[in-house]
Amino acid sequence: MANQQETWTVLRILARSKEFLVQKGVENARLESEWMLCAVLGLDRMGLYVNFDKPLTDVELAGYRDMVTRRGRREPLQYILGSQEFMGMEFEVSPAVLIPRHDTEVLVAEAVARAGGEGSLLDIGVGSGCVTVALASALPKATVSGVDSSPQALALAQKNADKLGVAIALYEGSLFGPFTGRRFDLIVSNPPYIPTADLETLQPEVRDYEPLQALDGGADGLDFYRLIVPAAPGHLSHGGWLLFEVGIGQAEAVREMLGRTGFSELFVAKDPNGIDRVVGGRLL
Ligand code: GLN
């Protein structure tokens, strides 16, 4: 029988797990400890605060310890909790897909602003489906297609679309592979863009857990832009737009690529941190 000292109350376990996660180099250790405990107990944070003295059951304790252990190995919180918010919508995530980033909301906003409310759109590299689904949700009159080479990603993206009640058409394949002879009014892509040599310098959450094929953009990170840009005119209607998310320091190179390929009305848009994040142009 556990005595008072050994009883793990909400408050005690939070203090203990925070201390453990700080040791492991996790930045928001207290907050993340609270979120994981919320998930285990089925409470919101206010619910935790009014239950500080509540002892955890053995099952709750085991579930929580498992989560904290995983986080201590620097597995991303989003894979442990199974979801990430993007454009105000909750997306299920798994290690098969990149975790949606808030920076990518700029890509969606710029695309929506240029789509004119309807037409046909294509998202190259669907991942969790965050961009594809957000476009379809913001543009209910548009037809939104997406392509990805990973069947696991496509299954998850379809699940996310179904849960959020939006219709998208998903295709398995490489880039324009499934779209011979098809043209779109707007094409977006957030392709893998990390230079291969930089991969090992990324934080452990990304380097050790996020899918490499969603990150690795080749020697200078620009491989996918070199594949997509020259092929895009064959898949765009007259006046159609091509928009990319880019990595830090890549905007100028991609902008130039678009210009050389005959795109006009070139633009660059910044993310909330002031970094050039989205590059696009129009085929006239
Ligand atoms: N389009 C998805 C996203 O923005 C996947 C991107 C990727 O895997 N490179 O999250």
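The model shown is predicted, which means the values in this text are computed figures rather than measured ones.

Trainee: Talk me through the pattern of salt bridges; I want residue IDs and the actual numbers.
Mentor: In total, this model carries 19 salt bridges according to the counting rule given. The partner of Lys159 in a salt bridge is Glu92, and the shortest N-O contact between them spans 2.9 Å. Residue Lys159 is located in helix H8 (residues 151-164), and its partner Glu92 is located in strand S2 (residues 89-92); the two are separated by 67 residues in the primary sequence. Between Asp223 and Arg226 there is a salt bridge, and its shortest N-O distance comes to 3.5 Å. Taken together, the residues Asp223 and Arg226, both in helix H10 (residues 223-231) and 3 residues apart, mark about one turn of the helix. Classification of Asp223 by relative accessible area gives partly exposed; the value is 34%. Judged by its relative accessible area of 40%, Arg226 is partly exposed. Put simply, Glu32, Arg71, Arg74 and Glu205 are held in one network by salt bridges that share partners.

Trainee: Summarise H8; cite the residues concerned and give the values.
Mentor: Spanning 14 residues, H8 covers 20 Å between terminal C-alpha atoms, matching the ideal 20 Å at 1.5 Å per step. Those residues of H8 not exposed but buried are Ala153, Leu154, Leu156, Ala157, Asn160 and Ala161. Taken down its axis, H8 places every buried residue within 165 degrees of arc, on the same side. Away from the buried face of H8 by more than 90 degrees, exposed residues Gln152, Asp162 and Lys163 are located. In this fold, the buried residues of H8 make contact with S2, helix H7 (130-138), strand S4 (143-148) and strand S5 (169-172). Backbone geometry just downstream of H8 places Gly165 in the positive-phi region, at approximately 70 degrees.

Trainee: Please set out the site of the ligand residue by residue, giving values where relevant.
Mentor: Surrounding the ligand, one finds Leu98, Thr104, Gly125, Val126, Gly127, Cys130, Val131, Asn190, Pro191, Pro192 and Ala214. Between the ligand and the protein, one listed contact pairs a nitrogen atom with a backbone N or O atom of Gly125 at 2.8 Å. For the ligand, an oxygen atom lies 2.9 Å from a polar atom in the side chain of Asn190. Relative to its unbound accessible area of 300 Å², the ligand is 95% covered by the protein chains.

Trainee: Run through a nonpolar patch on the surface, naming residues and quoting values.
Mentor: Taken together, Met46, Tyr49 and Val50 make up a surface patch of nonpolar side chains, about 320 Å² in accessible area. Position of Val50 relative to the elements: it lies in the loop between helix H3 (45-49) and helix H4 (58-72). On the accessibility criterion, Val50 (64% relative accessible area) is exposed.

Trainee: Provide a residue-level description of H10, including the pertinent values.
Mentor: All of the buried residues in H10 are Tyr225, Ile228 and Val229. One side of H10 carries all its buried residues, which in axial view fall inside an arc of 100 degrees. Those residues of H10 that are buried lie in contact with strand S3 (120-124), strand S6 (184-189), strand S7 (236-245) and helix H11 (251-260).

Trainee: Before we move on, can you summarise the nonpolar core with the specific residues and values?
Mentor: Generally speaking, a soluble globular protein has its nonpolar side chains buried in company with each other. If you look at the biggest cluster of nonpolar residues, it comprises 30 residues, and the most contacted ones within it are Leu122, Ile124, Ile187, Tyr225, Leu242, Phe244 and Phe263. Broken down by secondary-structure element, the contributors of at least two residues to this core are S3, S6, H10, S7 and H11. No other element matches the 4 residues that H11 contributes to this core. Formed by 28 residues, the second largest nonpolar core is a distinct cluster that contains Ala142, Val188, Phe267 and Val278.

Trainee: An account of the sheet that holds S4 is needed here, citing residue identities and associated values.
Mentor: Within the open sheet, the 7 strands sit side by side as S5-S4-S3-S6-S7-S9-S8. Their pairing is mixed. If you trace the sheet from one side to the other, it starts and ends with S5 and strand S8 (264-270), each paired once. Neighbour to neighbour, the strand axes of the sheet diverge by 15 degrees on average, direction disregarded. Here S7 runs beside strand S9 (residues 276-282); their pairing, made up of 5 bridges, is antiparallel. In the strand pairing of S9, Glu245 is matched with Val278. Lying over the sheet, helix H6 (residues 105-115) contacts S3, S6, S7, S8 and S9, oriented at roughly 165 degrees with respect to S7. This element, H11, spans S7, S8 and S9 of the sheet and lies at about 5 degrees to S9.

Trainee: For the pairing of S4, give the residues involved together with the corresponding values.
Mentor: In terms of residue burial, S4 counts as a mostly covered element, since 5 of its 6 residues are buried. The handedness of the S3 to S4 crossover, carried by H7, is right-handed. Examined bridge by bridge, S4 and S5 share 4 bridges and lie parallel to one another. Its bridge partner lying in S5, Gly146 is registered against Leu170. One crossover worth recording links S4 to the parallel S5 by way of H8, and it is right-handed.

Cut-offs used in this document
Residues numbered from 1 in each chain as written. Predicted model: local features only at pLDDT ≥ 70, side-chain atom pairs only at ≥ 80, totals over all residues. Heavy atoms only, no water. Salt bridge = Lys/Arg side-chain N within 4 Å of Asp/Glu carboxyl O. Helix = DSSP H or I, 4+ residues; strand = E, 2+ residues; numbered from the N terminus. Buried < 20%, exposed > 50% of the residue type's maximum accessible area, 1.4 Å probe, protein only. Expected span 1.5 Å × (residues − 1). Arc of directions from axis to C-beta. Contact = heavy atoms within 4.5 Å. Near = heavy atom within 4 Å. Polar contact = N/O pair within 3.5 Å; in protein donor to acceptor, adjacent residues only side chain to side chain. Areas by Shrake-Rupley, 256 points an atom, 1.4 Å probe, with all protein chains shown as cover. Patch = residues over 30% accessible without salt bridge, like charges linked within 9 Å, V, L, I, M, F, W, Y side chains within 5 Å. Core = buried A, V, L, I, M, F, W, Y, C linked by side-chain atoms within 4.5 Å. Pairing = 2+ DSSP bridges. Axes fitted to C-alpha atoms, helices over the stretch in contact; angles between N-to-C directions. Right-handed = clockwise from strand over helix to strand, strands pointing away.

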